[in-house]
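Architecture and fold: a report
Spelled out, the chains give:
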Amino acid sequence: MKNIAVIGSGTMGNGIAHTFAQFGYRVNLVDISDDALSKALSTIDKNLERQVNKGTISKAEKAATLSNITIFTDLKDGVAEADLVVEAASENQELKLKIFKDLDTFTKPSAILASNTSSISITLIASVTHRKDKVIGMHFMNPVPVMKLVEVIRGYATSDETTKTVMELAGKLDKSPVEVNDYPGFIANRILMPMINEAISALYEGVAGVEEIDAVMKLGMAHPMGPLQLADFIGLDVCLAILHVLHNGFGNPKYAPCPLLVNMVNAGDRGVKSGEGFYNYANGIKEAAVASKFSK
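Residues numbered from 1 in each chain as written. Predicted model: local features only at pLDDT ≥ 70, side-chain atom pairs only at ≥ 80, totals over all residues. Heavy atoms only, no water.

Description of the pairing of strand 8 (residues 176-181)
Of the pairings in the sheet, the one linking strand 7 (residues 149-154) to strand 8 comprises 6 bridges and is parallel in character. By the bridge assignment, arginine 154 is partnered in strand 8 with asparagine 181. Considered for its hand, the β-α-β crossover made up of strand 7, helix 7 (residues 160-172) and strand 8 is right-handed. (Pairing = 2+ DSSP bridges. Helix = DSSP H or I, 4+ residues; strand = E, 2+ residues; numbered from the N terminus. Right-handed = clockwise from strand over helix to strand, strands pointing away.)

Structure, rendered in structure tokens:
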């Protein structure tokens, strides 16, 4: 398995491309926008330079990594020779189903089709293909080059061979793969999102302020980042989408998103990506301050 195609060049897509390329794989990074691809390459370059400055890679390794990445705006051309495709498009079910239907047509029959989805059913995604045994979830964590976990989600029809191949491949990327079965939210988000939602509810109900809620979880539970700040980094729109998947998938009211989260997303406050969520990022991430609407 030498040729990798990554679909989507956003935060997760460029991180996945960066990681595969750094470990010597030939990567085709595919997006519909030239501007998005240019931005992705710039981000990868900056992140690699950060690694050089930290001494974790050499200048030569940075150059080799960049040379391993080729960009495409045409999906058919970008995936034609791929041994593995990792889809990292927006967390939108209809979009993902359309992409996988096209991938099933455009890729060679032996190719494994993986999704970086954080909550959408792998079994459902596989249902639009003619290779259900070769469809699997590879849920990387952000930032991809740094975080060790890869949640490997086995769909209802995913074969033992596909699962073994992907688990071994993740290990070759210096990751720690964990195999889970295909149920709403898998493991990571089935546990994480209710915690984030509960933190938002505590804020909504006036139990404590933004900084206080985050401080309790950081200082008392040894979390590196509080749940409200983490929600901003994930994207409040993404959190909301995952909670909808959990709520619809289980039919359990405990997964219903907090009205405050719904209102914030509807108002365009999506966290870091929009410049404001529970915190304001006008002065950069390191100088984030509690958003004015939540200030005392």
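Comments concerning the side chain of aspartate 214
Here aspartate 214 is to be found in helix 9 (residues 210-221). The buried charged residue aspartate 214 lacks any salt bridge partner; its closest oppositely charged side chain belongs to lysine 218, at an N-O distance of 5.9 Å. Excluding its chain neighbours within four sequence positions, the residues that come into contact with aspartate 214 are Gly226, Pro227, Leu228, Gln229 and Tyr279. (Buried < 20%, exposed > 50% of the residue type's maximum accessible area, 1.4 Å probe, protein only. Lys, Arg positive; Asp, Glu negative; His and termini not counted. Salt bridge = Lys/Arg side-chain N within 4 Å of Asp/Glu carboxyl O. Contact = heavy atoms within 4.5 Å.)

Some thoughts on the sheet that holds strand 7
Hydrogen bonds between backbone atoms are what pair the strands of a sheet, whose relative direction is either parallel or antiparallel. With respect to topology, 8 strands assemble into an open sheet ordered 3-2-1-4-5-6-7-8, the strand pairing being mixed. Of all the strands in the sheet, just strand 3 (69-72) and strand 8 have a single pairing partner and so form its edges. If you compare each strand with its neighbour and ignore which way they point, the axes differ by 25° on average. Of the pairings in the sheet, the one linking strand 4 (residues 84-87) to strand 5 (residues 112-115) comprises 4 bridges and is parallel in character. (Axes fitted to C-alpha atoms, helices over the stretch in contact; angles between N-to-C directions.)

Structural notes on the packing of aromatic side chains
Under the definition given, this model contains 5 aromatic pairs. Each ring, one from phenylalanine 233 and one from tyrosine 281, has its centre 6.4 Å from the other, and the planes form 90°; the classification is edge-to-face. In this pair, phenylalanine 233 is assigned in helix 10 (residues 227-234) and tyrosine 281 in the loop between strand 9 (279-280) and strand 10 (289-290), connecting sequence segments 48 residues apart. What makes tyrosine 281 buried here is its relative accessible area of 8%. (Phe/Tyr/Trp six-rings, centres within 6.5 Å; stacked < 30°, edge-to-face > 60°.)

Side note on helix 8 (residues 188-204)
A rise of 1.5 Å per residue sets the reference length of helix 8, with its 17 residues, at 24 Å; its end C-alpha atoms lie 24 Å apart and thus fit the reference within 8%. Among the residues making up helix 8, those that are buried are Asn189, Met193, Ile196, Asn197, Ala199, Ile200, Ser201, Ala202 and Leu203. As for helix 8, its buried residues are in contact with strand 6 (135-140), helix 9, helix 10, helix 11 (236-250) and helix 12 (259-266). Phi turns positive one or two residues past the end of helix 8, at glycine 206, with a value near 80°. (Expected span 1.5 Å × (residues − 1).)

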